[in-house]
Amino acid sequence: MENIFLPSIILIFLFFTAFFLIAQIIKNNSIVDIGWGLGFIVITLYTFFFSGPFTLRNVLVTLLIIIWGARLAYHILKRNRGKPEDFRYANWRKEWGKWVVIRGFFQIFMLQGLLMFIIVSSVIFINYSEQPGLHFLVVAGTAIWIIGFIFESVGDAQLARFIKNPKNKGEVMRFGLWKYTRHPNYFGEATMWWGIYLIALSIPNGFWSIISPLTITILLLFVSGVPMLEKKFADNPKFQEYAAVTPKFFPWFPKKAAHP
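Residues numbered from 1 in each chain as written. Predicted model: local features only at pLDDT ≥ 70, side-chain atom pairs only at ≥ 80, totals over all residues. Heavy atoms only, no water.

Asks: For the side chain of R71, give the residues involved together with the corresponding values.
Replies: One can find R71 in helix α3 (residues 56-80). Of note is the side chain of R71, whose polar atom sits 2.8 Å from the side chain of D156. Beyond its immediate chain neighbours, meaning those up to four positions away, R71 contacts F149, E152, S153 and D156. (Helix = DSSP H or I, 4+ residues; strand = E, 2+ residues; numbered from the N terminus. Polar contact = N/O pair within 3.5 Å; in protein donor to acceptor, adjacent residues only side chain to side chain. Contact = heavy atoms within 4.5 Å.)

Asks: Explain the environment of G39 residue by residue, including any values.
Replies: Along the polypeptide, G39 turns up in helix α2 (residues 32-49). Spatially, the C-alpha atoms of G39 and A73 are 9.6 Å apart, while their sequence positions differ by 34 residues. For G39, the contacting residues outside a window of four places in its chain are F15 and M116.

Asks: Go over a nonpolar patch on the surface with me, naming the residues and quoting the values.
Replies: On the surface, a nonpolar cluster with roughly 460 Å² of combined accessible area is contributed by L6, I9, I10, F13 and L14. Structurally, I10 is set in helix α1 (residues 6-26). What makes I10 partly exposed here is its relative accessible area of 45%. (Patch = residues over 30% accessible without salt bridge, like charges linked within 9 Å, V, L, I, M, F, W, Y side chains within 5 Å. Areas by Shrake-Rupley, 256 points an atom, 1.4 Å probe, with all protein chains shown as cover. Salt bridge = Lys/Arg side-chain N within 4 Å of Asp/Glu carboxyl O. Buried < 20%, exposed > 50% of the residue type's maximum accessible area, 1.4 Å probe, protein only.)

Asks: For the layout of surface pockets, give the residues involved together with the corresponding values.
Replies: Of the volumes computed, that of the second largest pocket is approximately 210 Å³. In this structure, the second largest pocket is lined by F87, R88, N91, W92, E95, M228, K231 and K232. If you list the elements that add at least two residues to the lining of the second largest pocket, you get α4 (87-96) and α9 (226-232). Counted by class, the lining of the second largest pocket contains three nonpolar, one polar and four charged residues. (1 Å grid on protein atoms, 1.4 Å probe; cavity = no way out; pocket = protein on both sides within 12 Å on 5 of 7 lines; lining within 4 Å. Points joined across faces, edges and corners; volume = space filled by probe spheres on them. Nonpolar A, V, L, I, M, F, W, Y, C, P; charged D, E, K, R; others polar.)

Asks: Can you break down unusual backbone geometry residue by residue, with the values?
Replies: One non-glycine residue, K27, lies in positive phi territory at about 55 degrees. Structurally, the position occupied by K27 is in the loop between α1 and α2. K27 sits in the exposed class, given a relative accessible area of 58%. At N205, a residue that is not glycine, the phi angle is positive and equals roughly 65 degrees. Its location among the elements puts N205 in the loop between α7 (184-200) and α8 (211-223).

Asks: Describe the packing of α3 against helix α6 (residues 136-164), naming the residues involved and giving the relevant values.
Replies: When two helices pack together, their arrangement is given by the angle between their axes and by how far apart the axes lie. Direction vectors running N to C along α3 and α6 enclose 10 degrees, while the axes themselves pass 12 Å from each other. With respect to each other, α3 and α6 are oriented roughly parallel. Here R57, L60, L64, I67, W68, R71, L72 and H75 of α3 lie close against α6, whose contacting residues are V138, T142, W145, F149, E152, S153 and D156. (Axes fitted to C-alpha atoms, helices over the stretch in contact; angles between N-to-C directions. Parallel < 35°, antiparallel > 145°, perpendicular 65-115°, else oblique.)

Asks: Break down the packing of aromatic side chains for me, citing the residues and quoting the values.
Replies: Enumeration over the complete set of coordinates arrives at 28 aromatic pairs. Here F48 and F49 contribute two aromatic rings whose centre-to-centre distance is 5.1 Å and whose plane-to-plane angle is 75 degrees, an arrangement assigned as edge-to-face. With relative accessibility at 51%, the residue F49 sits in the exposed group. Members of the aromatic cluster, connected to one another through ring pairs, are F20, F105, F106 and F109. (Phe/Tyr/Trp six-rings, centres within 6.5 Å; stacked < 30°, edge-to-face > 60°.)

Asks: I'd like to hear about the pattern of salt bridges, residue by residue, with values.
Replies: Counted according to the given criterion, the structure contains eight salt bridges. The closest approach of N and O atoms between R88 and D33, which form a salt bridge, is 2.9 Å. Here the residue R88 occupies a position in helix α4, and D33 occupies one in helix α2, the gap between them amounting to 55 residues. Taking relative accessible area as the criterion, D33 reaches 11% and is therefore assigned buried. The salt bridge partner of K238 is E171, with a shortest N-O separation of 2.8 Å. Here K238 is found in helix α10 (residues 237-245), whereas its partner E171 is found in the loop between α6 and α7, with 67 residues between them in sequence. Its relative accessible area of 36% is what places K238 among the partly exposed residues. Through salt bridges that share partners, D33, D86 and R88 make up one connected network.

Shown next, in the form of structure tokens:
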């Protein structure tokens, strides 16, 4: 059996190396976040066109990834346009000092490439499968993906409008989807990949791609997503008041505020 992963590994390496070189020119490593969504599109399209016979399932999954990746890349580009380097990358630049170029290459760009490969593995499995036809897991997975996409896209849009309003300066977003989870966008992203995994279960050996949704969920919930933002607002009393009544990740109805 041919190695279905090697071409994707090489392509991911070249893709993030190109973004790394651009980042050195403009002195802004946070452009890697724009490359995140775009990279998934590149790998998905490559595996779609060079995997063999097209199936309805392959077409569907490829469209889902394009929709997700394009929206995410555009959202981050629009959010960061004209702004300095994101605070996370700016802090690392100060911490790393003279080693910022080497550590940036491996700890930012290559690390994201590795994570991308692990997460996109479910799509690679699907696109290299020649098994035709729809399956109830494909329908269920697509429905789960749609729920996740709504949480991520609507949550991002609600937050963007909130931040844009000068009246909200110094306030904490706690309306719309943000009333039910402190991180609807992160919850949505993880949910979408669990939807893709359900679709992967409709093909032989698709179970093994469970590493994909597990990785993105652990990453968002325990490593770089939720923890970093929660730490940023650790000393904000308004955020702590919000956190006391609002679920961290999984959406649910807010608790009633405790009376003094």
